[in-house]
Amino acid sequence: MQYTCETAINRLLKSYAVYYNITMFNDERTPITARCDFFEHSQKYVVSKKAELWSADGEEFLYILNLPHLTKELFEKWRDYVYEDGMSLIHVGPGHMYSFITPVFVCETCDEDARRALKKCRIYKSFHFSLHGWMDYHAAVVDLSKNRIDANRSGHQTAKILKKVLFS
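Residues numbered from 1 in each chain as written. Predicted model: local features only at pLDDT ≥ 70, side-chain atom pairs only at ≥ 80, totals over all residues. Heavy atoms only, no water.

### Points about the packing of aromatic side chains
And then number 1: Counting across every chain of the model gives nine aromatic pairs.
And then number 2: Geometrically, the ring pair formed by Trp78 and Tyr81 is edge-to-face, given 5.3 Å between the ring centres and 70 degrees between the ring planes. Of this pair, Trp78 and Tyr81 are both found in helix α2 (residues 72-89), three residues apart, which corresponds to roughly one turn of the helix.
And then number 3: Aromatic pair Tyr83 and Tyr137: ring centres 6.4 Å apart, planes at 65 degrees, arrangement edge-to-face. Of this pair, Tyr83 sits in helix α2 while Tyr137 sits in strand β8 (residues 134-137), placing them 54 residues apart in sequence.
And then number 4: On the accessibility criterion, Tyr137 (0% relative accessible area) is buried. (Phe/Tyr/Trp six-rings, centres within 6.5 Å; stacked < 30°, edge-to-face > 60°. Helix = DSSP H or I, 4+ residues; strand = E, 2+ residues; numbered from the N terminus. Buried < 20%, exposed > 50% of the residue type's maximum accessible area, 1.4 Å probe, protein only.)

Put into structure tokens, the structure is as follows:
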């Protein structure tokens, strides 16, 4: 099936709505269409919740960007913006285990140098020597003209999910 940016984004949002809290953006100055937030809390306790042995919090902030033509400059600009915005949303502290910041660039066409910049993108941060968890940056590009999905090394699983949602 051949998608436009809008139909692909609508299909992704429909799929993500089951697990994520979705915030839509209608600002014409930004290509960010939506931010999908996922929060997970796990804990182990003995007899009562007051006797907690451990707890772990995980969160993901997934941004869907609509860019008709992705260039290296646009990729770098929005990669940095999403990183800064995602870092401001992370709840670091005792019990924080991991956070993922994930931009998904949906485009009609993609320059090859933008694709190379995506593959080289490696952003990772640990908080207090990983005692308060870590952050990993997953990034993916959906090139609709070639029905192709690429991701950085950390975004490998994100790419697999996108392929299932859009192309199967």
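### Thoughts on unusual backbone geometry
The general pattern is negative phi for most residues beyond glycine and trans for most peptide bonds.
And then number 1: A positive phi is found at Val47, a non-glycine position, where the angle reads about 65 degrees.
And then number 2: Secondary-structure assignment places Val47 in the loop between β2 (32-45) and β3 (52-66).
And then number 3: According to the relative accessible area criterion, Val47 is exposed, its value standing at 83%.
And then number 4: Even without a glycine there, the phi angle at Asn147 is positive, about 50 degrees.
And then number 5: With a relative accessible area of 36%, Asn147 lands in the partly exposed category.

### With respect to the state of the cysteines
And then number 1: Throughout the structure, instances matching the rule amount to zero disulfides.
And then number 2: The thiol of Cys5 is not disulfide-bonded; the next cysteine sulfur, from Cys107, is found 6.7 Å away.
And then number 3: Judged by its relative accessible area of 0%, Cys107 is buried. (Disulfide = S-S within 2.5 Å.)

### Here we look at a nonpolar patch on the surface
And then number 1: On the surface, Val46, Val47, Leu53 and Trp54 cluster together into a nonpolar patch covering about 450 Å² of accessible area.
And then number 2: Among the secondary structure elements, Trp54 is positioned in strand β3. (Patch = residues over 30% accessible without salt bridge, like charges linked within 9 Å, V, L, I, M, F, W, Y side chains within 5 Å. Areas by Shrake-Rupley, 256 points an atom, 1.4 Å probe, with all protein chains shown as cover. Salt bridge = Lys/Arg side-chain N within 4 Å of Asp/Glu carboxyl O.)

### Here's the deal with the nonpolar core
Soluble globular proteins tend to bury their nonpolar side chains together.
And then number 1: The biggest cluster of nonpolar side chains holds 24 residues, and the ones touching the most others in it are Leu70, Phe105 and Tyr137.
And then number 2: Put simply, the parts of the chain that give this core at least two residues each are β3, α2, β5 (96-107), α3 (112-120) and β8.
And then number 3: Among the nonpolar cores identified, the runner-up in size contains 23 residues, and Val104, Ala140, Leu144 and Ala151 belong to it. (Core = buried A, V, L, I, M, F, W, Y, C linked by side-chain atoms within 4.5 Å.)

No statement about biological role is implied by the geometric values presented.
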